[in-house]
Structures are given as structure tokens and as C-alpha cells.
Amino acid sequence: MKKLYAEFLGMLTLVMAIVGSGIMAQNLSHDVAVQLLMNGISTVLALGIAIKLFAKSSGAHFNPVVTLVALVNNRIRSSRALQFIAAQIAGACAGAILANLMFDFGAVNLSTKTRSGIGLLLGEVIATAGLIFVIEYLVSKEKTEIAPIIVPAWIGSAYFFTSSTSFANPAVTISRTLSDTFAGIAPSSVLGFFVAQVIGALVGLAAYRVYDSK
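Student: Looking at this structure, I do not really get the packing of aromatic side chains. What am I missing?
Tutor: Pairs of aromatic rings are described using the distance from one ring centre to the other and the angle between the two planes. Using the criterion set out here, one finds eight aromatic pairs in the structure. Consider the rings of F133 and Y211, whose centres lie 5.7 Å apart with planes at 55°: the pair is tilted. Residue F133 is located in helix α5 (residues 118-140), and its partner Y211 is located in helix α8 (residues 190-213); the two are separated by 78 residues in the primary sequence. Pairing F167 with F193 gives two aromatic rings, centres 4.9 Å apart and planes at 65°, and the pair type is edge-to-face. Residue F167 is located in the loop between α6 (147-161) and α7 (170-175), and its partner F193 is located in helix α8; the two are separated by 26 residues in the primary sequence. Here F167 and F193 have matching classes, each one buried. Each member of the aromatic cluster is reached from another via a ring pair, and the members are F133, Y137, Y208 and Y211. Its end group placed over the ring of F167, R176 keeps NZ or CZ at 3.7 Å from the ring centre.

This is the structure:
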């Protein structure tokens, strides 16, 4: 239960930061570049803190595709993987709801922000592939102690160089449908992001295996 609670709390913290900072940025500035900067900085800091706090409890997956890659690599049992994914989705949705409530929105406001197009989905493939490559490197080289720095660094960088702003996480994607704000994504756009994230995870895993075999 401690592992599941860690995954729940980590995701709650991360998504509360993503959605909350998106709302705050929207309130403080009409400049989209400033909004993205505020949102990106808050996300990177919250992710780093969550990984540092909960890595020893659950491994700090905080992402269904990370858990699925761990399953493929026999680092987690299928039953535990399903429990992790359920905890991640529940935590992410709770984080979005709390962020909405903090800023006096209704608990659930389905997003109308459409995010679609080949370029956007390619960006999501690249963001997710890079994330998985980084994590596989850290795990296989036994350098997970620097994960609180390296993983957020990738996500923060990908916020600005990918067209999708680096969701790279199915649980985060689901939760961001619940807030019709800067950080939101319309439910109709979710399936495309899911497919891109799964493809990205497979690409990242394959790319690391090729690299590690050389």
C-alpha cells in the first residue's frame, strides 16, 4: 500500500502543479510564452521534488508508460503494474480537481482545448521516447540517484522544443481533460496522444537497447 500511496501522491503533486501553474499563468499574463515558461518551471520543480521524495518507496514511476516498460523488462509484476497505473490515474485526476478548486473553478471542467495534428503527435512521440531512453539509461547504469535532476531536465527541455509541450504521460493526459484552462486538453484529443505516447515508449525502449548493445 505504501508503494501505491507514493504513486498516488506523486501524481497528485505533479498534476496539481501542472494545472495550478497553468491557471495562475493564465491569470497573470496574456503572453503565451510567459504562460508556458511559468507552467514549465513549476512542472519541472514539482516533478523533481516528487521523484526525490518517493523514489525509494515506489521507484517514482508516476507514468503508466514507465510502468509498462518496467513490466516489459520484468522489473514489476503484471498485477502490481495494474495497481500502479490505477493509482497514477487516480492521483492525477485528484491533482487536477484540487487545482481547479483552489482557483474557484468547478471541480471538473472538461477542456475544450483541441490538440491534434501530425506535427503535434510527432512531438509527443519524441517527448515520450526521450523520457523512456533517459529512464532506461539511469536504471541500467544504476544512476537513479540523479533521476530527480535528469528526468525533470528532459521534461523541462521538451516543454519548449516539442510541439506538444511534452505531456509524455497517459495519466497526465487524462487528468488534463478535467480543466478547461491553459493546461487542458479536449477529451477528443486524448486517443491520439495515447497512441503517440505508446509509440514513443516503444521507440525509446528500442533506441536504448540498440545503444546499450553497442
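Now that the structure has been shown, the text picks up again.
Student: Please explain the side chain of R115 as it appears in this structure.
Tutor: Its location among the elements puts R115 in the loop between α4 (78-102) and α5. Despite its burial, R115 remains without a salt bridge, the nearest opposite charge being carried by E124 at 8.3 Å.

Student: It is not clear to me how the nonpolar core should be interpreted in this structure. Could you clarify?
Tutor: Counting 40 residues, the largest nonpolar core has M11, V15, I51, F62, I132 and V151 as the members making the most contacts within it. No other element matches helix α1 (residues 2-28), which puts seven residues into this core. The contacts of I51, once residues within four sequence positions are left out, are A60, F62, A147, P148, V151 and P152. The next biggest cluster of nonpolar side chains, apart from the first, holds six residues, and it includes A70, I76, F84 and A87.

Student: Can you walk me through the packing of helix α3 (residues 64-72) against α8 in this structure?
Tutor: Each packed pair of helices is defined by two parameters, the angle between the axes and the distance between the axes. Direction vectors running N to C along α3 and α8 enclose 45°, while the axes themselves pass 10 Å from each other. The orientation of α3 relative to α8 falls into the category oblique. When you trace α3 past α8, the crossing you get is right-handed. Judged by residue contacts, V65, V69 and V72 of α3 engage Q197, A201, L205 and R209 from α8. Split into classes, the residues belonging to the contact of α3 with α8 amount to five nonpolar, one polar and one charged.

Student: When you look at the packing of helix α2 (residues 32-58) against α6 in this model, what are you seeing that I'm missing?
Tutor: For the pair α2 and α6, the least separation of the axes is 8 Å and the interaxial angle reads 160°. Considering their axes alone, α2 and α6 lie roughly antiparallel with respect to each other. For α2 against α6, the interelement crossing comes out right-handed. Taken together, the residues of α6 that come into contact with α2 (itself represented by L36, L37, N39, G40, T43, V44, L47, G48, I51 and K52) are A147, P148, V151, P152, I155, G156, Y159 and F160. Along the lines of polarity and charge, the residues of the contact of α2 with α6 split into 12 nonpolar, five polar and one charged.

Student: Help me understand a nonpolar patch on the surface in this model?
Tutor: Residues L37, I41, L45 and F160 make up a contiguous nonpolar surface patch of about 390 Å² in total accessible area. Considering every element that reaches the nonpolar patch, the biggest residue donor is α2, with three residues. Relative to the elements of secondary structure, I41 occurs in helix α2.

Thresholds applied
Residues numbered from 1 in each chain as written. Predicted model: local features only at pLDDT ≥ 70, side-chain atom pairs only at ≥ 80, totals over all residues. Heavy atoms only, no water. Phe/Tyr/Trp six-rings, centres within 6.5 Å; stacked < 30°, edge-to-face > 60°. Helix = DSSP H or I, 4+ residues; strand = E, 2+ residues; numbered from the N terminus. Buried < 20%, exposed > 50% of the residue type's maximum accessible area, 1.4 Å probe, protein only. Lys NZ or Arg CZ within 6 Å of the ring centre and 35° of its normal. Lys, Arg positive; Asp, Glu negative; His and termini not counted. Salt bridge = Lys/Arg side-chain N within 4 Å of Asp/Glu carboxyl O. Core = buried A, V, L, I, M, F, W, Y, C linked by side-chain atoms within 4.5 Å. Contact = heavy atoms within 4.5 Å. Axes fitted to C-alpha atoms, helices over the stretch in contact; angles between N-to-C directions. Parallel < 35°, antiparallel > 145°, perpendicular 65-115°, else oblique. Left-handed = near helix turned anticlockwise from the far one by under 90°. Nonpolar A, V, L, I, M, F, W, Y, C, P; charged D, E, K, R; others polar. Patch = residues over 30% accessible without salt bridge, like charges linked within 9 Å, V, L, I, M, F, W, Y side chains within 5 Å. Areas by Shrake-Rupley, 256 points an atom, 1.4 Å probe, with all protein chains shown as cover.

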